[in-house]
Amino acid sequence: MNMRLGRKTFSIFTAAGLLLQAAAPMIAQQSEPAGTNQARIQVTSELVLVNVVAHDKKGNLVRDLKKEDFTLFEDGKKQAISTFDFEKVDELATAGAAEATVSGAADQGTLLRAGKKAAPSLDARDRRLMLLFFDFSAMEPEQIERSVEAARNFVSTKMQPADLMALVSLATNMHVDLDFTDDKTKLIAALTAYSSGQGQGFDNGSTGSSEGAAETSGAFSADDTDFNTFNADRKLQALQSLMQALGKLPQKKSLIYFSNGISQSGADNQSALRATTAAAVKANVSIYSMDIRGLQAFPPGGEAQSASLHGQSAYSGASVLNDLNGNAASQDTLATLSGDTGGKAFFDSNDFATVFSQVQKDSSAYYVLGFTSNNPLKDGKFRRLKVQVNRADLKLDFRSGYYAGRDFEHLNRADREQQLEDELDAQLPRVDVPLYAGAAYFRQDDSHYYLAVSLVIPGSQIPFVTEKEKDNATIDVVGEALAGGKMRVGQLRDTVKLAVESTRQVRRKNVQYNTGFVLAPGSYHLKFVIRENQTGRMGSFETDVQIPDLRKAPLKMSSVVLSSLRAPVAGKKNGSNPLVRDQMELVPNITHVFAPDQHLYLQYEVYDAAKGKNPAPAAASADGQNGTAKEAPTARPAKHSIRVFTSIEFLQGPMKIYESKPVVSNEMTAPDRKAVIFQMDLSLQALKPGLYLCQVNVIDDVAGSFSFPRFPLLIREAAPPTPDKPDSSPAGKNLPE
């Protein structure tokens, strides 16, 4: 399997995707500064906590073990136990009536609302810490009511005196609604304050196609960043921020996660998922995931509250299969969060009280062992733990291991290169710098496809150094494509030097790096690592990509690329990148967030369109270059011509808000690739700001095949004008919006 690296571009964008500067990547001339032969290594000591539950042969808890009874191993090496404690939560639970307020409870706002460095004033010894995390970001109103009612019933009837509970919710933003308390009145009041209208209720389908997917939508408000609008990273980042606060206490913490599933897509970062579980393990937090959808039934024709399905899926059983696969996929991330943190996942059950009973059972009485690892390496690798006791009749429950931390050292040039390679192979990648990516495939021939990849870094995360009225920064980029998750079939290594005018306010914009691979059809795992060379902070992004074998598809179609920008390209050759035509490159907008004063550009291709004899003339024809509609010629098409129709629709729920004029192509635009290229240009000024489903209709009239891919799209409110100066970058001119 061969690979060719495509053309690379590096650009700076506003939050909505407007290009301000397009500069060719430059290889930074790095020379070793004086004194690099003496690397400075900073060593820190971190305490690792391990919860251990001991049972005898009859399943009873064992409470009389001492520190000397335990032996702890890390990767087979014995560790010295430096701290030892036994938490007796169940004894306090039976000390008084359930309504009693236990002395020693902390006032509200002493842990979750405290600063990152503030010491907690919460007496949590022999207490059960339970954090209820309500993910309203995609819940329907009835799901919100169901989750809140389950929590309210637990507080009213089964909450014990030892229980300290906190409430956190996530909708458009995360809110700490109530810090840890044992006051039932406050808890019930905070739960009652939740309304069924807090959820966004947006479901864009699991496949991005209207085949077998009902037309659904709902209220939605964008988060502060474009990238958190449609992906799962915002949920994981919210969990990570909670772990920083919960890690201040050594006791075991239980986080009950009420959710209707987390559907990961190609825009979601798998590195962020592993970083979240590692942060939970480090903070001694177990995540208990509850799928609030409960036990579901999937009727072939779709649910009664949704519009009718498209296509033939309802009659072939494919719609039910798609629903089952989508439901399982949305539960995978929840299962990973629970399994890797020592918690449990609760799926396909309408008994929502079981999660509380399980938390109480798992945290009723346990030992806490603390040790400092004798392995000083900060390599980010997984370290396996094993705990033994000097009594043969006991069974121990403990977590299997943890990820070691990672640090940045002042390295010489060779060591820096090795650090990047090590980061590609790391089990726990660095996520110090947010990194987002998107990919799209285009066929070159039956056995080769061009996979266009875009990496985006928020400009606020890049430390620029101002020199001669320029903001300068250097970024290293490495990446790889693995076939089957093992064999490397594509790789990337580049160093990019940014030098832009200080007046351009780069810190409020996004930096985008475009590249590509030539690959065969199949399943691939992509991973990219970036490092800014001012502080050495790094970011990682990895995802799975499927390049289909279109020879088996009824309608052979490429990915659909959405963009708000076309940028000029230096040089006369377009290379293998299909997004470059006539010295103009279509810059992908991977966030699908647009401003109302921008244009929406779409590019997609249809391959091996069927030929027919003397079809009737169409009302419009395709330009082939810009895809805009125009009047059809008076002459009838020649014999054995093709007829491929396309149009664009904007939907909000079951209502069609806008539909473009139909465009038809009667000839191959790229005969060497047997491709019909559509490049559509739509003005967004007529559409009100809000959330839409953008549906692309493609019909091969001769073959009778069709496809209707869908994409969520957000049109933001118009931003006030900024007094930016004209661009004097190497690109040489300002680019139109």
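Residues numbered from 1 in each chain as written. Predicted model: local features only at pLDDT ≥ 70, side-chain atom pairs only at ≥ 80, totals over all residues. Heavy atoms only, no water.

Chemist: Just checking my understanding: could you explain the pairing of strand β9 (residues 174-181) for this structure?
Modeler: Remark: a regular strand shows side chains that alternate across the two faces of the sheet. The pairing of strand β8 (residues 163-170) with β9 spans 5 bridges and is antiparallel. Following the sheet pairing, Met-165 is matched in β9 by Thr-181. Remark: 3 residues form the turn of the hairpin made by β8 and β9, two consecutive strands paired antiparallel. (Pairing = 2+ DSSP bridges. Helix = DSSP H or I, 4+ residues; strand = E, 2+ residues; numbered from the N terminus.)

Chemist: What's the story with the packing of helix α2 (residues 141-157) against helix α3 (residues 184-192) in this structure? I'm lost.
Modeler: Helix-helix packing: each pair is described by the crossing angle between the helix axes and the interaxial distance. One way to put it is that α2 packs onto α3 with a least axis distance of 10 Å and a crossing angle of 170°. Looking at the two axes, α2 sits roughly antiparallel to α3. Facing Val-148, Ala-151, Arg-152, Val-155 and Ser-156 of α2, the residues of α3 in contact are Lys-184, Leu-187, Ile-188, Leu-191 and Thr-192. Taken together, the residues of the contact of α2 with α3 sort by class into 6 nonpolar, 2 polar and 2 charged. (Axes fitted to C-alpha atoms, helices over the stretch in contact; angles between N-to-C directions. Parallel < 35°, antiparallel > 145°, perpendicular 65-115°, else oblique. Contact = heavy atoms within 4.5 Å. Nonpolar A, V, L, I, M, F, W, Y, C, P; charged D, E, K, R; others polar.)

Chemist: Could you clarify how one ought to interpret the environment of Asn-173 in this entry?
Modeler: Among the structural elements, Asn-173 can be located in the loop between β8 and β9. Separated by 62 residues in sequence, Asn-173 and Lys-235 have C-alpha atoms that sit 9.9 Å apart.

Chemist: What is the right way to look at the pairing of strand β35 (residues 644-652) in this model?
Modeler: Of all 9 residues making up β35, 7 are buried, and the element is well covered by its neighbours. Looking at chain direction, β35 and strand β37 (residues 663-665) are connected through 3 bridges and run antiparallel. When the sheet's bridge partners are listed, Phe-645 is paired in β37 with Val-664. Here β35 runs beside strand β39 (residues 690-700); their pairing, made up of 8 bridges, is antiparallel. (Buried < 20%, exposed > 50% of the residue type's maximum accessible area, 1.4 Å probe, protein only.)

Chemist: When you look at the nonpolar core in this model, what are you seeing that I'm missing?
Modeler: Counting residues in hydrophobic clusters, the biggest one holds 46 residues, and the most contacted among them are Leu-451, Leu-455, Ile-462, Leu-519 and Phe-528. Looking at which element gives the most residues to this core, the answer is strand β18 (residues 448-458), with 7 residues. Residues contacting Phe-528, with those up to four places away along its chain left out, are Leu-435, Val-453, Leu-455, Val-478, Gly-479, Leu-492, Phe-517, Gly-539, Ser-540 and Phe-541. Formed by 33 residues, the second largest nonpolar core is a distinct cluster that contains Leu-122, Leu-131, Met-243 and Tyr-257. (Core = buried A, V, L, I, M, F, W, Y, C linked by side-chain atoms within 4.5 Å.)

Chemist: Which parts of the structure should I look at to understand the packing of helix α4 (residues 233-246) against helix α5 (residues 270-282)?
Modeler: Where α4 contacts α5, the axes come no closer than 9 Å and their chain directions differ by 20°. Here α4 lies roughly parallel to α5, going by the angle between them. In the crossing of α4 with α5, the sense of the turn from one axis to the other is left-handed. Two secondary-structure elements touch here, α4 through Asp-233, Leu-236, Leu-239, Gln-240 and Met-243 and α5 through Ala-272, Leu-273, Ala-275, Thr-276, Ala-279 and Ala-280. (Left-handed = near helix turned anticlockwise from the far one by under 90°.)

Chemist: Just checking my understanding: could you explain the sheet that holds strand β4 (residues 70-74) for this structure?
Modeler: Strand pairing in a sheet is mediated by backbone hydrogen bonds. Such pairs are either parallel or antiparallel. Read across the open sheet, the 4 strands follow the order β5-β4-β14-β16; overall the sheet is antiparallel. Every interior strand has two partners, whereas the edge strands, β5 (77-79) and β16 (401-403), have only one. Shown here is a sheet whose adjacent strand axes are inclined to one another by a mean of 30°, direction ignored. Bridging between strand β14 (residues 382-389) and β16 involves 3 bridges; their strand directions are antiparallel. Note on β16: the bridge partner recorded for Arg-383 is Tyr-402.

Chemist: Please explain the pattern of salt bridges as it appears in this structure.
Modeler: Pairing between side chains of opposite charge can happen when their charged atoms approach one another. Within the structure shown, the criterion is met by 20 salt bridges. For Arg-493, the salt bridge is made with Asp-476, and the minimal N-O distance between the two is 3.4 Å. Of this pair, Arg-493 sits in strand β21 (residues 487-501) while Asp-476 sits in strand β20 (residues 470-483), placing them 17 residues apart in sequence. Residues joined in a network through salt bridges with shared partners are Glu-417, Asp-476, Arg-493 and Arg-531. (Salt bridge = Lys/Arg side-chain N within 4 Å of Asp/Glu carboxyl O.)

Chemist: Would you explain a nonpolar patch on the surface in this entry?
Modeler: There is a patch of nonpolar side chains on the surface, built from Met-655, Ile-657 and Tyr-658 and spanning about 270 Å² of accessible area. Tracing the backbone shows Tyr-658 in strand β36 (residues 655-659). Judged by its relative accessible area of 32%, Tyr-658 falls in the partly exposed class. (Patch = residues over 30% accessible without salt bridge, like charges linked within 9 Å, V, L, I, M, F, W, Y side chains within 5 Å. Areas by Shrake-Rupley, 256 points an atom, 1.4 Å probe, with all protein chains shown as cover.)

Chemist: Can you help me understand the packing of aromatic side chains in this one?
Modeler: The description of an aromatic ring pair rests on the distance of the ring centres and on the angle between the ring planes. In total, this model carries 18 aromatic pairs according to the counting rule given. Measuring from ring centre to ring centre gives 4.9 Å for Phe-134 and Phe-258, while their planes differ by 5°; the resulting arrangement is stacked. Within this pair, whereas Phe-134 is found in strand β7 (residues 128-135), its partner Phe-258 is found in strand β10 (residues 253-259), the two being separated by 124 residues in sequence. Like Phe-134, the residue Phe-258 is buried in the burial classification. The structure contains a cluster of three or more aromatic residues connected by ring pairs, namely Phe-134, Phe-136, Phe-154, Tyr-194, Phe-258 and Phe-356. (Phe/Tyr/Trp six-rings, centres within 6.5 Å; stacked < 30°, edge-to-face > 60°.)

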